[in-house]
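In case you want the letters, here they are:
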There are 2 protein chains.
Amino acid sequence: MRLTSKGRYAVMALVDLAKFDNINPVSLRDISLRQGISLDYLEQIFSKLRKKEIVQSVRGIQGGYVLNKKAKEIKLTNIFDAVDEKIKTVQCKKESKKGCNGKPIKCVTHNLWDELENHITNFFDGKSLEDLVKDNNERRF
Amino acid sequence: MRLTSKGRYAVMALVDLAKFDNINPVSLRDISLRQGISLDYLEQIFSKLRKKEIVQSVRGIQGGYVLNKKAKEIKLTNIFDAVDEKIKTVQCKKESKKGCNGKPIKCVTHNLWDELENHITNFFDGKSLEDLVKDNNERRF
DNA sequence: TTCAAACTTGACTATTTTAGTCGGGTTTAT
DNA sequence: ATAAACCCGACTAAAATAGTCAAGTTTGAA
Ligand code: FES
Ligand code: FES
């Protein structure tokens, strides 16, 4: 089990954005340079973030992106959800009657995985972008 | 992020084994049939479990595998560790001074991921094979 | 003593996921 | 006009996953 770069990049980029969008929109080029993330990849990520209304775009020269909500109101679960970073522990469809092996009863690990999934979701739901920005400012940069 | 089948299979197989090894060793063929897991794949998994001394093998006809410890003493972390199911959240080398992007400072998400990793590890460390067997017996089968 | 059930080992492979890249756009401040 | 920026879809290389396959060895029981 591992978290993927997509989710990590999304969080890194949004923290960067939250720190710098006070006055002007922030261009992906700047984020790319500061965070060391491929520009083309960032564009894919921000396209998703925009569709989920986490950021707004400003087109044209001097354009970029701005947060669409207060940093306090953006939870990590929202971010992960937007970029399709799945916290997927159970293998079966949850609402299905069938288990992961096609049998008509859930497998012995099902409840366990499900419980873990809740743990993780709660963890990410308790963290906002603001928390991360603060945390980051404290340890300087 | 997702847990892989390897870890899930290992746990399923060991619960099965724990339930049936009271008298005789349990053959992988039986586990394969009961749990719907490829026999060849199970062999790979049990080879690892044996090397980490979680199970013992009994060769020859009527052979199979038996637990090498009390079910109570086998934690899920031990199982995952044995089959190389990694709970890997941070992307960088933890002990390295460098961050995941090669910069000389850890990225903004590092602490967060690390904290999550501890959460998950604690969760799995608190669950023994015995717990799962009990849980499984309660809901009948 | 022969046989088949079962473990043992290592290599090979197909599928899926990830992490990009690439090539073309469109918009808009200057 | 032009260049900085966003926008979009298709393509691809690399890695991880989930197996498969082939060729053994061991040993209880008929
Ligand atoms: S994970 Fe849901 S039935 Fe196995
Ligand atoms: S995950 Fe450790 S530095 Fe980014």
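If you're wondering where the values come from, they're calculated on a predicted model, not measured in any experiment.

J.: Help me out: how do you make sense of the packing of helix α1 (residues 5-20) of chain A against helix α2 (residues 28-35) of chain A in this one?
T.: For any two helices packed against each other, the geometry comes down to the angle between their axes and how far apart the axes lie. Residue and element names in this part refer to chain A. It is the contact of α1 with α2, at a shortest axis distance of 10 Å, that shows an interaxial angle of 115°. Classified by chirality, the crossing of α2 by α1 is right-handed. Contacts from M12, A13, D16, L17 and F20 in α1 reach I31, R34 and Q35 in α2. Here the contact of α1 with α2 is built from residues that sort into five nonpolar, one polar and two charged.

J.: Help me out: how do you make sense of the confidence of the model for chain A in this one?
T.: Where the model shows low pLDDT, its predicted coordinates should not be examined in detail. With 99% of its residues at a pLDDT of at least 70, chain A reaches an overall mean of 93. Mean pLDDT across the secondary structure elements of chain A bottoms out at helix α6 (residues 129-138) of chain A, with 91, and peaks at helix α3 (residues 39-51) of chain A, with 98.

J.: What am I meant to see in the protein's contact with DNA strand D here?
T.: Surveying the vicinity of DNA strand D reveals 26 residues, the closest of which are S57 and Y65 of chain A together with Y9, Q44 and R59 of chain B. The share of sugar and phosphate among atoms of DNA strand D within 4 Å of the protein is 60%. At a separation of 3.1 Å, a phosphate oxygen of DNA strand D approaches a polar side-chain atom of S5 of chain B. Within the contact set of DNA strand D, a phosphate oxygen lies 2.9 Å away from a side-chain nitrogen or oxygen of S38 of chain B. Looking at the surface near DNA strand D, the elements with two or more residues in it are α3, β1 (55-58) and β2 (64-67) of chain A together with α1 (5-20) and α3 (39-51) of chain B. For the surface near DNA strand D, the per-class residue count stands at eight nonpolar, eleven polar and seven charged.

J.: Hey, could you run me through the environment of K75 of chain B in this one?
T.: All names here are of chain B. Examined against the element boundaries, K75 turns out to sit in the loop between β2 (64-67) and α4 (76-82). Given a relative accessible area of 28%, K75 falls into the partly exposed group. Spatially, the C-alpha atoms of K75 and Q44 are 20 Å apart, while their sequence positions differ by 31 residues. The residues touching K75, leaving out its near neighbours within four places in the chain, are F124, D125, K127 and S128.

J.: Honestly, the protein's contact with DNA strand C in this entry has me stumped. Any pointers?
T.: Surveying the vicinity of DNA strand C reveals 27 residues, the closest of which are Y9, Q44 and R59 of chain A together with R50 and Y65 of chain B. Considering the 4 Å shell around the protein, atoms of DNA strand C inside it are sugar or phosphate in 64% of instances. Between DNA strand C and L28 of chain B, the relevant distance is 3.2 Å, taken from a phosphate oxygen to a main-chain nitrogen or oxygen of the residue. Within the contact set of DNA strand C, a phosphate oxygen lies 2.8 Å away from a side-chain nitrogen or oxygen of S57 of chain B. Breaking the surface near DNA strand C down by element, the ones donating at least two residues are α1 and α3 of chain A together with α2 (28-35), α3, β1 (55-58) and β2 of chain B. When grouped by side-chain class, the residues that make up the surface near DNA strand C number eight nonpolar, eleven polar and eight charged.

J.: Explain the relation of the copies chain B and chain A here, please?
T.: Comparison of the two chain copies shows a relationship of rotation about an axis with a shift along it. Placing chain B over chain A gives an RMSD of 0.1 Å and needs a rotation angle of 180°, together with 0.0 Å of translation along the axis. On the angle and the small slide along the axis, the relation comes out as a two-fold axis. Taking the C-alpha atom as reference, chain B places M1 of chain B closest to the rotation axis, 3.0 Å from it. The overlap is high: 100% of the interface residues of chain B also sit at the interface in chain A, so the same surface is used on both sides.

J.: So what exactly am I meant to see when it comes to the pattern of salt bridges here?
T.: Pairing is possible between side chains that carry opposite charge, provided their charged atoms lie close to one another. Taken as a whole and judged by the stated rule, the model has 14 salt bridges over all chains. Across the pair D84 of chain A and K48 of chain A runs a salt bridge, and its minimum N-O distance is 3.1 Å. Separated by 36 residues along the polypeptide, D84 of chain A in the loop between α4 (76-82) and α5 (110-125) and K48 of chain A in helix α3 bring together distant segments of the chain. The exposure class assigned to D84 of chain A is partly exposed, which follows from its relative accessible area of 37%. Residue class for K48 of chain A comes out partly exposed when judged on its relative accessible area of 28%. A salt bridge links E117 of chain B to K94 of chain B, with the shortest nitrogen-to-oxygen separation between them at 3.2 Å. Here K94 of chain B lies in the loop between α4 and α5 (110-125) and E117 of chain B lies in helix α5, a separation of 23 residues in the sequence. Residue classification places E117 of chain B among the buried residues on the basis of a relative accessible area of 13%. Through salt bridges that share partners, K94, D114 and E117 of chain A make up one connected network.

Calculation rules
Residues numbered from 1 in each chain as written. Chains lettered and ligands numbered in written order. Predicted model: local features only at pLDDT ≥ 70, side-chain atom pairs only at ≥ 80, totals over all residues. Heavy atoms only, no water. Axes fitted to C-alpha atoms, helices over the stretch in contact; angles between N-to-C directions. Helix = DSSP H or I, 4+ residues; strand = E, 2+ residues; numbered from the N terminus. Left-handed = near helix turned anticlockwise from the far one by under 90°. Contact = heavy atoms within 4.5 Å. Nonpolar A, V, L, I, M, F, W, Y, C, P; charged D, E, K, R; others polar. pLDDT = per-residue confidence, 0-100. Near = heavy atom within 4 Å. Polar contact = N/O pair within 3.5 Å; in protein donor to acceptor, adjacent residues only side chain to side chain. Buried < 20%, exposed > 50% of the residue type's maximum accessible area, 1.4 Å probe, protein only. Least-squares fit on C-alpha atoms with pLDDT ≥ 70 in both. Salt bridge = Lys/Arg side-chain N within 4 Å of Asp/Glu carboxyl O.

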